Protein chains: 2
Amino acid sequence: MGKITIKDVAALAGVSVGTVSMTLNGSSKVSEKTKKNVMEIVNKLGYRRDPYARSLSLSSSRSIGLLAPGFRNSFFGEIAEALQVAAEKRNNSLMFGITNDSTKQEAKLVDQFLDRGVDGLIIIPAEDSSPDLSHIRNLLNMNFPLVFLSSYYSSLPMQTVMSDLASGAYELTKSFIGAGLKNIILISGEPSLIPFKERIEGFRKAFEDSGVEYNPDHVIISDGMSFEGGYAAIEKVYDEIKPDGILAINDVMAMGVISRLHSKGIRIPEDVSVAGYDDIATSSIQETPLTTVAQPISEMCSRAVEMLFDLIEGREIEKTLVKLPVSVKYRKSSIAKE
Amino acid sequence: MGKITIKDVAALAGVSVGTVSMTLNGSSKVSEKTKKNVMEIVNKLGYRRDPYARSLSLSSSRSIGLLAPGFRNSFFGEIAEALQVAAEKRNNSLMFGITNDSTKQEAKLVDQFLDRGVDGLIIIPAEDSSPDLSHIRNLLNMNFPLVFLSSYYSSLPMQTVMSDLASGAYELTKSFIGAGLKNIILISGEPSLIPFKERIEGFRKAFEDSGVEYNPDHVIISDGMSFEGGYAAIEKVYDEIKPDGILAINDVMAMGVISRLHSKGIRIPEDVSVAGYDDIATSSIQETPLTTVAQPISEMCSRAVEMLFDLIEGREIEKTLVKLPVSVKYRKSSIAKE
DNA sequence: AATTACGATTGAAACGGTTCAAAAGGAGAT
DNA sequence: ATCTCCTTTTGAACCGTTTCAATCGTAATT
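It should be emphasised that the depicted structure is a prediction, and the values quoted were computed from it without experimental measurement.

A. Representation of the overall build of chain A. From N to C terminus, chain A includes 12 helices and 12 strands. In terms of C-alpha radius of gyration, chain A reaches 26 Å, well past the compact-globule figure of 20 Å for 338 residues. Projecting the C-alpha coordinates of chain A onto the three principal axes gives extents of approximately 85 × 40 × 35 Å. Burial status across chain A gives 57% buried among its 338 residues. Counting only contacts in chain A whose residues sit at least 6 apart along the sequence, the fraction spanning at least 24 positions is 72%. Carbon together with sulfur atoms contributes 49% to the accessible area of chain A, which is approximately 14,400 Å² in total. Looking at chain A, you have 37 positive and 43 negative side-chain charges, and the mean spots of the two groups are 9 Å apart.

B. Region of the structure containing the protein's contact with DNA strand D. In the neighbourhood of DNA strand D, 26 residues make up the surrounding shell, with Ile-6, Ser-21, Tyr-47 and Ser-57 of chain A together with Thr-34 of chain B lying closest. With respect to DNA strand D, the backbone of Ser-31 of chain B contributes an N or O atom lying 3.1 Å from a phosphate oxygen. Within the side chain of Thr-34 of chain B, one N or O atom sits 2.5 Å away from a phosphate oxygen of DNA strand D. For the surface near DNA strand D, the elements supplying multiple residues, two or more each, are α2 (17-24) and α4 (51-58) of chain A together with α2 (17-24) and α4 (51-58) of chain B. Top element by residues in the surface near DNA strand D is α4 of chain A. It accounts for five residues. Along the lines of polarity and charge, the residues of the surface near DNA strand D split into nine nonpolar, 11 polar and six charged.

C. Seen up close, the sheet that holds strand β4 (residues 146-149) of chain A. The strand order β11(A)-β5(A)-β4(A)-β3(A)-β1(A)-β2(A)-β2(B)-β1(B)-β3(B)-β4(B)-β5(B)-β11(B) describes an open sheet built from 12 strands, whose pairing is mixed. Sheet topology places β11 (321-324) of chain A together with β11 (321-324) of chain B at the edges, where each strand pairs with a single neighbour. Each adjacent strand pair in this sheet contributes to an overall mean axis angle of 25 degrees, direction not counted. Taken together, the three bridges between strand β2 (residues 93-98) of chain A and strand β2 (residues 93-98) of chain B define a ladder with antiparallel strand orientation. In the strand pairing of β2 of chain B, Met-95 of chain A is matched with Met-95 of chain B.

D. Helix α6 (residues 103-116) of chain B, seen in detail. Residue and element names in this part refer to chain B. For α6, with 14 residues, the first-to-last C-alpha span of 20 Å sits near the 20 Å given by 1.5 Å per residue. Buried within α6 are the following residues: Thr-103, Gln-105, Glu-106, Leu-109, Val-110, Gln-112, Phe-113, Leu-114 and Arg-116. The N-capping residue of α6, defined by a side-chain oxygen 3.2 Å from the backbone nitrogen of Lys-104, is Ser-102.

E. Looking closely at the pattern of salt bridges. Counting across every chain of the model gives 38 salt bridges over all chains. The partner of Glu-235 of chain A in a salt bridge is Arg-260 of chain A, with the nearest N and O atoms 2.3 Å apart. Placement of the pair is Glu-235 of chain A in helix α10 (residues 227-241) and Arg-260 of chain A in helix α11 (residues 251-263), with a sequence separation of 25 residues. Residue class for Glu-235 of chain A comes out partly exposed when judged on its relative accessible area of 42%. With a shortest N-O distance of 2.9 Å, Asp-271 of chain B and Arg-267 of chain B are connected by a salt bridge. A relative accessible area of 49% places Arg-267 of chain B in the partly exposed class. Each member of the salt-bridge network shares a partner with another, and the members are Arg-48 of chain A together with Asp-111 and Asp-115 of chain B.

F. Focus on the protein's contact with DNA strand C. Around DNA strand C there are 26 residues in total, and Ser-16 and Thr-34 of chain A together with Ile-6, Ser-21 and Tyr-47 of chain B lie nearest to it. Counting only the atoms of DNA strand C that lie within 4 Å of the protein, the sugar and phosphate share comes to 70%. Within the backbone of Ser-31 of chain A, a nitrogen or oxygen atom sits 3.2 Å from a phosphate oxygen of DNA strand C. Of all the secondary structure elements, the ones that give two or more residues to the surface near DNA strand C are α2 and α4 of chain A together with α2 and α4 of chain B. Top element by residues in the surface near DNA strand C is α4 of chain B. It accounts for five residues. Here the surface near DNA strand C is composed, by residue class, of nine nonpolar, 11 polar and six charged.

G. Expanded view of unusual backbone geometry. Here Ile-268 of chain A and Pro-269 of chain A are connected by a cis peptide whose omega angle stands at 5 degrees. Secondary-structure assignment places Pro-269 of chain A in the loop between α11 and β9 (273-275). Its identity as a non-glycine residue notwithstanding, Asn-143 of chain A has a phi of 65 degrees, on the positive side. When you line up the elements, Asn-143 of chain A lands in the loop between α7 (134-141) and β4. Despite not being glycine, Ser-150 of chain B has its phi angle at roughly 80 degrees, a positive value. Examined against the element boundaries, Ser-150 of chain B turns out to sit in the loop between β4 (146-149) and β5 (160-163).

H. Molecular detail of the layout of surface pockets. Size it by volume and the second largest pocket reaches roughly 980 Å³. Asn-73, Asp-101, Met-225, Ser-226 and Asn-250 of chain A are, among the 49 residues lining the second largest pocket, the residues nearest its centre. Elements that contribute at least two residues to the lining of the second largest pocket include exactly α5 (74-89), α9 (194-210) and α10 of chain A together with α5 (74-89) of chain B. Residues that form the lining of the second largest pocket fall into these classes: 19 nonpolar, 18 polar and 12 charged.

I. Molecular detail of the nonpolar core. Core analysis: the largest hydrophobic core is formed by 125 residues, its most contacted members being Leu-121, Leu-261 and Val-274 of chain A together with Leu-121, Leu-261 and Val-274 of chain B. When near neighbours in sequence (up to four residues on either side) are disregarded, Leu-121 of chain B contacts Gly-65, Val-110, Phe-113, Leu-139, Phe-144, Pro-145, Leu-146, Val-147 and Leu-308 of chain B. Core analysis: the next-biggest nonpolar cluster, separate from the first, contains 72 residues, Met-255 of chain A together with Ile-297, Cys-301 and Ala-304 of chain B among them.

J. Just the packing of α6 of chain B against helix α7 (residues 134-141) of chain B, in detail. All names here are of chain B. Running from amino to carboxyl end, α6 crosses α7 at an angle of 35 degrees, the nearest separation of the two axes being 8 Å. Facing Thr-103, Glu-106, Ala-107, Val-110 and Leu-114 of α6, the residues of α7 in contact are His-135, Ile-136 and Leu-139. The residue makeup of the contact of α6 with α7, split by class, is five nonpolar, two polar and one charged.

K. Expanded view of empty space enclosed by the protein. On inspection of all chains with the given rule, the structure shows three cavities of 30 Å³ or more. Counted as a void, the largest cavity has a volume near 60 Å³. Together, Ala-169, Leu-172, Leu-186, Arg-199, Leu-247, Ala-248, Ile-249, Gly-276 and Tyr-277 of chain B line the largest cavity. Volume-wise, the second largest cavity comes out at about 50 Å³. Considering the residues around the second largest cavity, the lining is formed by Ala-169, Leu-172, Thr-173, Leu-186, Arg-199, Leu-247, Ala-248, Ile-249, Gly-276 and Tyr-277 of chain A. Listed by contribution, the elements that provide at least two residues to the lining of the second largest cavity are α8 (165-178) and β8 (245-248) of chain A. Of all the elements, α8 of chain A adds the most residues to the lining of the second largest cavity, at three residues. Of the residues that constitute the lining of the second largest cavity, the class distribution is seven nonpolar, two polar and one charged.

Criteria and thresholds
Sequence positions are assigned chain by chain, starting from 1 and proceeding in written order. Each chain is given a letter, starting from A, and each ligand a number, starting from 1, according to the order in which they appear as written. Under the rules for a predicted model, residues below a pLDDT of 70 receive no local features and side-chain atom pairs below 80 are neither given nor counted, while totals for whole chains, interfaces and linings still include all residues. Only hydrogens and water are set aside when side-chain values are computed; all heavy atoms of the structure are taken into account. Each helix is a run of DSSP H or I of at least 4 residues and each strand a run of E of at least 2, with the numbering of both proceeding from the N terminus. Atoms counted for the radius of gyration: C-alpha only. Globule rule: 2.2 Å times the number of residues to the power 0.38. Between buried and exposed lies partly exposed: a residue is buried under 20% and exposed over 50% of the maximum accessible area for its type, with that area taken using a 1.4 Å probe on protein chains only. Any two residues whose heavy atoms approach within 4.5 Å are treated as being in contact. The method behind every accessible area is Shrake-Rupley, applied with a 1.4 Å probe, and residues are considered shielded solely by the protein chains displayed. Charge assignment in this entry is limited to Lys and Arg as positive and Asp and Glu as negative, and neither His nor the chain termini are counted. Charge positions come from single atoms, namely NZ of Lys, CZ of Arg, CG of Asp or CD of Glu. The nearness test applies per residue and asks whether one of its heavy atoms lies within 4 Å of the molecule or strand. By the criterion applied in these results, polar contacts are pairs of N or O atoms within 3.5 Å in which, for protein atoms, one can donate a hydrogen and the other can accept it, and in which residues neighboring in sequence qualify only through two side-chain atoms. Classification convention: Asp, Glu, Lys, Arg as charged; Ala, Val, Leu, Ile, Met, Phe, Trp, Tyr, Cys, Pro as nonpolar; all other residues, Gly among them, as polar. A pair of strands counts as paired when DSSP detects no fewer than two bridges linking them. A fitted line through C-alpha atoms serves as each axis, taken over the contacting stretch for helices, and the angle formed by two N-to-C directions is quoted from 0 to 180°. For a helix, the expected span equals 1.5 Å multiplied by the number of residues minus one. Within this document, salt bridges are pairs made up of a side-chain nitrogen of Lys or Arg and a carboxyl oxygen of Asp or Glu, the two lying within 4 Å of each other. The pocket and cavity definitions rest on a 1 Å grid over protein atoms only: a 1.4 Å probe that fits but cannot leave marks a cavity, an open set with protein on both sides within 12 Å along at least five of seven lines marks a pocket, and residues lining either have an atom within 4 Å of a point. Grid points are joined across faces, edges and corners, and a volume is the space filled by probe spheres set on the points. We call a set of buried residues a nonpolar core when its members are Ala, Val, Leu, Ile, Met, Phe, Trp, Tyr or Cys and they connect through side-chain atoms within 4.5 Å of each other.

The quantities given are spatial measurements derived from coordinates; they are silent on function.
Structural data, given as structure tokens:
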């Protein structure tokens, strides 16, 4: 037995395919009686409209794509969840791809997603120190609906929803200074990339505003933004600098820092205050709960989806860069409070 | 300027649309010269085939759906990554939906995904204590390609790839007993659900095989499988039972346990040995690295995708239940070793 | 009874590809 | 020059919807 099509339904219901289609789309021009009749047949046959034929007619797949560095860091997992919720409100589905922080892989996925017919794309930029962005330029040229989330590529026009990374770093640093810490370091990544640049800037400004001398050597550039990166950074600089305050660029990295300090027998926060960034789910539930900066994930995601649909549906967007406020969470890993 | 279609390409190249189509599909019946000519025009125009039209013709979207409880627990994030890799090898994309451990939500997403035309579905069953599974029955009736991952619904025929949960719990428990621990508890969920049932069974059997009396009251049924669940379970039973060994059903929960013990001033592992399950990324990098059971995520995922494509492409599948071996990771949160 | 008005229904074009039987073209043999 | 045989190419049918101008039916109006 072949596939059940709208024709079968129409034949059995004794109406035209147009009528069936309109019924299914809830058009008001079909009489109630006919609707009821048609729906009965639809249910009896277990008919479902063919999504491909539909998409072809409507030229929309009602699905959008998400490109993220990966989901091992649950920060991105939380973003994925929030995006899915926002997409579902608009009856859209989400496809996802993992870039592993490589713009090359990102380009490949963009291509794949275009071939799948997604209506728009949300991209969390890869933290790639030598990015090749031709694929993004392409998308912009063809005016493809695209919004960056959480960061953007500094060399390209942005349609971005992110949080105010600098201000989080600023407030955190100020509280560390205010708590009397004298030797604070920031473990960061390649300063040409926005997320690092912003945080470094917040860090610097906190010193400036506090009237304390800023030592650029206290910004440690680590290459991996992972646990291992944090671990290795401590390995490299601890004995030399003997910091009493350590700000890691994200929570996973901070966990690496804590783990290494712990194994060196250094007490947290008595000897060293540590803070992370992102407030991932596990940060608050660690043995030593982590002082960190919470990003407003769910609002970021709903704004991003909103902006994306503005683009998809051809509306003007008012602001191309939306920066939402963050909030610092003071926990036991630091003596700083506010 | 309208959309560029295959007709435009054909016209400019001076050939028929059939030829262009065959060229793009790499058919061997088109002469090299023509191919070259056509490709030139394609590139010049920046033509891309319309995915909707293609899907309609081919009746395949080259995309599959993943239904998972959520991505806050990075165990599922790691699964998503691994699945994406496996899907990409077959040039497929992945859509995802989040069930929040509710079969009702799962049903809704199944419906949505069918409407999107996914070719098949990978479902990580929701840990829902009163599941409504009619949507799954539907899928099975219509013979829709479907495989369960990580667990299955006990009341339904399974096409499942999972790990041998019981054996992990068994080995872990045995090592706890072997280390001389006398008062071991297991914090689990609703025993009617497969993942809990299996682990409880492994737990029980370890006592049996060790000739130590098994106390069913030492299986604590917690309602949330989250951090809070672990935290609350300790709150509830610690003072009464005073366990010296605690097995949590997953790592996140174990972190909740550790956090609560820590705040009570109880030392790990000196006073209490703790173990989790899953070996999520953060488990090894905690302040006190967690003894846990690693599931072979990447193999599970590639097997699941393999099985799914067997179903999609109409091949017979040999085994409906694949159980892969796990490996216990002994770390500092327990005195147990092997 | 004829006309009008309007809501309900029809039917065919359009969406943009793929596929394949049939036609065309070209080379080699007679 | 004609015939065969093979390789290329063509063109139309098809995939299953949506949409909308045109038509139909019915009831109200004159």
